[in-house]
Amino acid sequence: MRPLVVLGCCVASFGLSQAHAAEERARPVLEEIIVTATKRQESLQDVPIAVTAVDAQTLSRAGVKDLRDLPTVAASFNMNSSQTESQGSTMRIRGVGTTGNNIGLESAVGVFLDGVYLSRPGIALGDLMDVEAIEVLRGPQGTLFGRNTTAGALNIRTRAPNLSEHEAFASLGAGNFDAYNVQAGVSGPLVPERLGYRLSGAIRKHDGFVESTSGAESLDRDRWLLRGQLLWSISDTADLRLIADYAEADEHCCDAAVIQETPAAALGSFAAAGLPAHGGVLASGMKDGVEDRDSNGSQFENPFEQKGISAELNVDLTDTMRLTYIGAWRDFRADSVQDSDFVGLDVFSVRPAAAGGFDTFDDIRTITHELRVDGSAGRLDWMIGAYYSDEKIEEHQGLGLGEDFSAYADAVLWNFAFAPSLADLQALAGVPLATGGTFGDVLAAPSPTIALAGGLDSAGSFANNVFRQDGESWSIFTHNTLAITDRLDAVVGLRWTDEKKDGSFEQPTVHNPACLNTVANAAPLLPVARTFAGTTIAFACFPFTAPADTGVPLLPATFDETFEDEELIYTGKLVYAFTDLVSGYLSFTHGFKAGGFNLDATAAAGGADPSFDSELIDAWEVGVKAELLDRRLRANVALFDYDLEDFQVLEFTGVQFTTFNVPKVKSRGGELELLATPLAGLELHMSYAYADSRYPSDCDGDDPNAPASVSSLCGAVLTNSPENVLTFGASYDGQIGNSLAYFLSGHVRWEDERRTGTQPNNAFDVQDDNTKVNLRVGIGSLSGSWTVELWGNNVTDEQTRQVTANTPLRPGSRVAFLEAPRTYGLTLRTQL
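Within any chain, residue numbers begin from 1 and follow the written order of that chain's sequence. Residue-level local features of this predicted model are given only where pLDDT is at least 70; pairs of side-chain atoms are given and counted only at 80 or more, and the full residue set underlies all totals for whole chains, interfaces and linings. Here the side-chain values reflect all heavy atoms present in the structure, with hydrogen atoms and water set aside.

**Here we look at the packing of helix 7 (residues 405–417) against helix 12 (residues 530–540)**
To describe two helices that pack against each other, one gives the angle between their axes and the distance between the axes.
Logical step 1: Taken N-terminus to C-terminus, the directions of helix 7 and helix 12 make an angle of 150°; their axes are 11 Å apart at the nearest point. When the interaxial angle is binned, helix 7 and helix 12 end up roughly antiparallel. Our pair here, helix 7 against helix 12, has a crossing hand that is right-handed. Taken together, the residues of helix 12 that come into contact with helix 7 (itself represented by F405, Y408, A409, V412, L413 and W414) are F532, T535, T536, F539 and A540.
Logical step 2: Classes in brief: Ala, Val, Leu, Ile, Met, Phe, Trp, Tyr, Cys and Pro nonpolar; Asp, Glu, Lys and Arg charged; the others, Gly included, polar. For the contact of helix 7 with helix 12, the class distribution of residues is 9 nonpolar, 2 polar and no charged. Throughout, an axis means a line fitted to C-alpha atoms (over the contacting stretch in the case of helices), and angles, computed between N-to-C directions, take values from 0 to 180 degrees. Secondary structure is summarised from DSSP: a helix means a run of H or I of at least four residues, a strand means a run of E of at least two, and numbering begins at the N terminus for each. Angles below 35 degrees are treated as roughly parallel, those above 145 as roughly antiparallel, those between 65 and 115 as roughly perpendicular, and all remaining angles as oblique. Note on convention: near helix rotated counterclockwise from far helix by under a right angle means a left-handed crossing. Clockwise means right-handed. Contacts between residues were defined by any pair of non-hydrogen atoms, one from each residue, lying within 4.5 Å.

So, in structure tokens, the structure goes:
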């Protein structure tokens, strides 16, 4: 062959190969997602667990600033708060979560920050700063993630120090509600390849979303966070990571809007008692309360402080065996100052001035240790470990009755609730009172409430209650995967856990003589007018201000008791790889969430048991994970079926908090997650979750003696558990010339209607289906050294409720705790 012909053939061949290579480069392929859901680094597609993995860029573009925003990108997850955000937040996965804001209840969704368990949702509510990724693990995770994960777990990973080069980042954002947000961080080697550091911090502020007719604001942000890290590469086979963080907040949360007013106002009951005719509620109804976000109370305050230190040591014992130790200490304190009657009168409040100078706060201190060894031997990947937790909770509650309390009782009891039966009560006029006179004197008095209290006004009454719970938990566990064939794996996990909690309630000081007089005077009426007498006692002796240990069954009783339980948690799975890109799994898991104590003044009243039982779950799940269309489409499907036993519930009755177990709860459904990159620079993701989570018709176990609070739930869906949820996100990255890059991003979450109260069939119990849209557009340097972003969250300004409850001491009235309205702003980012 002639040389020119040979050269021509080579050039043509080279051109074709270059064109093919260019085509391959242009063809988009999904990047592999690495997760640590099994305590090892594995591909998302290889783990037989339903996981939603969200990286830092997706979190940022979706407008996710903290866990409250996470539902935007995780269809199966939701979160809500009531009364206090730091102490009263609830997380749910697949419709299942712990209902209530009692600090004795632990969350059914475990939160783990860099491997450290955060025992209460409020502790995890700090800003998501310098985060590498969040994994939402759906379904019980008790064998690997330890305590109290009957619904699932959030695995949050922050960025580690850089051992090889220096880097820095900063962002400054501003928006409506006078918002601003600053984050910055630096990292680099102190000793190249051996010792590195990372220091990051954040400040976020904005005005309140809810404004009271008194001028007070609620649901604002005023917080800062600082985190420092050291990473020491001790040798080629060992490294040590130390993390310390500190955070503070000085925020005002959480006032509630009155969405249904008591009929007593329209009937003139307040005016007849010498109070303003509106009874302290100037704004009410869906228009004023929800659409205009108006409340009626005085200023709420909910400052909190938390700090923690953790250490993670990893040592390669051999080429196939690794030891990991994670130890941590954390301290969280949240204070509360609340006008917790939610009205513009001085009825009662949680503040030192009303409670004899007594502060109201929660303090939670935890120490955790986890030691595990994992390795491989032929076809077996194995892991063994041990876990220990020591948690100390101290809660102080100081509540006092205000100047308007007695007149308020006259209005809602005597002028409204008792009005239809006053004629019948005349028959009791001759009954003598323990403090002198007769019941007829009460009926004829200008203020029957004061008269029944022997002439004493309840104003200035208060009680200081102290609750403590010391919990100790330890467990041993193993998790093993056996490759039966090249395509079939069997997974077996076991964890034996032992729980012990010492719970107590004491009352250091109390001053409420009006309560004691009311008890003495109403007691003779109990045999003939039980409902009337019991109601007057319950109202006058508002449980949060009532004396303890009086021997009266309706009043608080102190306690000092121990709760103990142990359980074997286990899981079994079969995993089959149909092809290299398609696999399926079938799993069964038995999970456990420890019981504890109802840390409430009335928990042991009348000789009741203040503890509640542990919660159990049996969960079946089948799933398929696939990568299709030359790895341009990732499709993961899961179906689940849950049976829960002794489901833990807390309910506010309008007078007190009660905690109880529901014998049976069910949840079943399915999920579909799609991630696609059809064009270079374009990424689409969609997730759909269906969950039928409810109390079955026999939820009380067909027990004829079951409490009404349990039986009334049977047949109802679980609180804040929408049946259908759909999320969709799209992000496009493009280039302008040779120096500028831009992106367009949008995220949508649609959810079905959901029930927002504990008990069913109450007014305004259901939040209608709604759609929320977050949009973001950015432009910056091609190198990424700077970016300017314009963003909007909830751009259609959907006004939604997260929790609905009875207004305290206000018959027929309902309040709602609201979610965030439309926000928008501008953010400047830079990184070096």
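**Quick look at the environment of A680**
Logical step 1: Mapped onto the fold, A680 is located in the loop between strand 33 (657–676) and strand 34 (682–694).
Logical step 2: The spatial distance from the C-alpha of A680 to the C-alpha of D733 is 8.4 Å, given a sequence separation of 53 residues.

**Section: a nonpolar patch on the surface**
Logical step 1: Patch membership requires over 30% relative accessible area and the absence of a salt bridge. Like charges are linked within 9 Å, and nonpolar side chains (Val, Leu, Ile, Met, Phe, Trp, Tyr) within 5 Å. Residue burial considers only the protein chains on display, and all accessible areas are found by Shrake-Rupley using a 1.4 Å probe. The working definition used for a salt bridge is a side-chain nitrogen of Lys or Arg within 4 Å of a carboxyl oxygen of Asp or Glu. Side chains of L172, Y180, V182, V186, L199, I203, W224, L226, W786 and L828 sit close together on the surface and give an oily, nonpolar patch of about 840 Å² of accessible area.
Logical step 2: Counting only elements with at least two residues in the nonpolar patch, the list comes to strand 12 (179–191), strand 13 (195–206) and strand 16 (221–235).
Logical step 3: With 3 residues, strand 12 is the single largest residue contributor to the nonpolar patch.
Logical step 4: Looking at the element boundaries, I203 is found in strand 13.

**Observations concerning the nonpolar core**
Logical step 1: Judged by nonpolar contacts, the single largest core of 68 residues is most densely connected at F270, Y408, W414, F439, F532 and F539.
Logical step 2: The greatest single-element share of this core, amounting to 8 residues, is contributed by helix 7.
Logical step 3: Beyond its immediate sequence surroundings of up to four residues, F439 is in contact with W414, L425, L428, A429, V431, L433, L452, L525 and F532.
Logical step 4: Each nonpolar core is a collection of buried residues, namely Ala, Val, Leu, Ile, Met, Phe, Trp, Tyr and Cys, held together in the definition by side-chain atoms within 4.5 Å. For each residue, the accessible area found with a 1.4 Å probe, counting protein chains only, is set against the maximum for its type, and the residue is called buried under 20%, exposed over 50%, and partly exposed in between. Listed in part, the 63 residues of the second largest apolar core include L67, A108, Y642 and V662.

**Description of the confidence of the model for the protein**
Where the model shows low pLDDT, its predicted coordinates should not be examined in detail.
Logical step 1: Overall, the prediction assigns the protein a mean pLDDT of 92, with 96% of residues at 70 or greater.
Logical step 2: Known as pLDDT, the predictor's per-residue confidence is scaled from 0 to 100. When the criterion is pLDDT under 50, residues 1–25 qualifies, and its contacts beyond four places in sequence or with other chains add up to 1 contact.

**Looking at the pairing of strand 40 (residues 786–793)**
Logical step 1: Where strand 39 (residues 770–781) lies against strand 40, 6 bridges are found, and the strand directions are antiparallel. Of the residues in strand 40, the one forming a bridge with V777 is L790.
Logical step 2: Strands were regarded as paired on the criterion that DSSP finds at least two bridges between them. Connecting strand 39 to the next strand, strand 40, in antiparallel fashion are 4 residues, including G784 with a positive phi near 85°.
Logical step 3: As paired elements, strand 40 and strand 43 (residues 823–831) share 8 bridges and run antiparallel to each other. Across the sheet, the residue bridging to W786 is T830, located in strand 43.

**Here's the deal with a negative patch on the surface**
Logical step 1: We treat Lys and Arg as the positive residues and Asp and Glu as the negative residues; His and chain ends play no part in the count. Taken as the charge centre is NZ of Lys, CZ of Arg, CG of Asp or CD of Glu, depending on the residue. The grouping of D470, D502, D560, E561, E564, E566, D609 and D613 at the surface amounts to a negative patch.
Logical step 2: Sort the elements by how many residues they give to the negative patch and strand 27 (residues 559–577) lands first, with 4 residues.
Logical step 3: Along the chain, D470 falls in strand 25 (residues 462–483).
Logical step 4: Assessed through its relative accessible area of 33%, D470 is described here as partly exposed.

**Focus on the pattern of salt bridges**
Logical step 1: One pass over the full model with this rule turns up 53 salt bridges.
Logical step 2: Here D114 makes a salt bridge to R241, at a shortest N to O gap of 4.0 Å. Linking D114 in the loop between strand 7 (109–113) and strand 8 (116–118) with R241 in strand 17 (residues 238–249), this pair joins segments that are 127 residues apart in sequence.
Logical step 3: Relative accessible area serves as the criterion here: at 11%, D114 is assigned to the buried category.
Logical step 4: We classify R241 as buried; its relative accessible area is 13%.
Logical step 5: Because the salt bridges share partners, they merge into one network encompassing D66, D127, R204, R221, R223 and E251.

**Side note on the packing of aromatic side chains**
Logical step 1: The rule is short: rings of Phe, Tyr and Trp, with Trp giving its six-membered ring, pair when the centres are within 6.5 Å, and they are stacked under 30 degrees, edge-to-face over 60, tilted in between. Inspection of the entire model under this criterion finds 25 aromatic pairs.
Logical step 2: Each ring, one from F112 and one from F145, has its centre 5.0 Å from the other, and the planes form 65°; the classification is edge-to-face. One end of the pair, F112, is in strand 7; the other, F145, is in helix 3 (residues 142–145), and 33 residues separate them in sequence.
Logical step 3: The exposure class assigned to F112 is buried, which follows from its relative accessible area of 6%.
Logical step 4: Seen in terms of ring centroids, W414 and F532 are 5.4 Å apart; in terms of plane orientation they differ by 75°. Their pairing is edge-to-face. On the criterion of sequence distance, the pair formed by W414 in helix 7 and F532 in helix 12 is long-range, its members being 118 residues apart.
Logical step 5: Residue W414 is classed as buried on the basis of its relative accessible area of 5%.
Logical step 6: Accessibility expressed as a relative area gives 7% for F532, which makes it buried.

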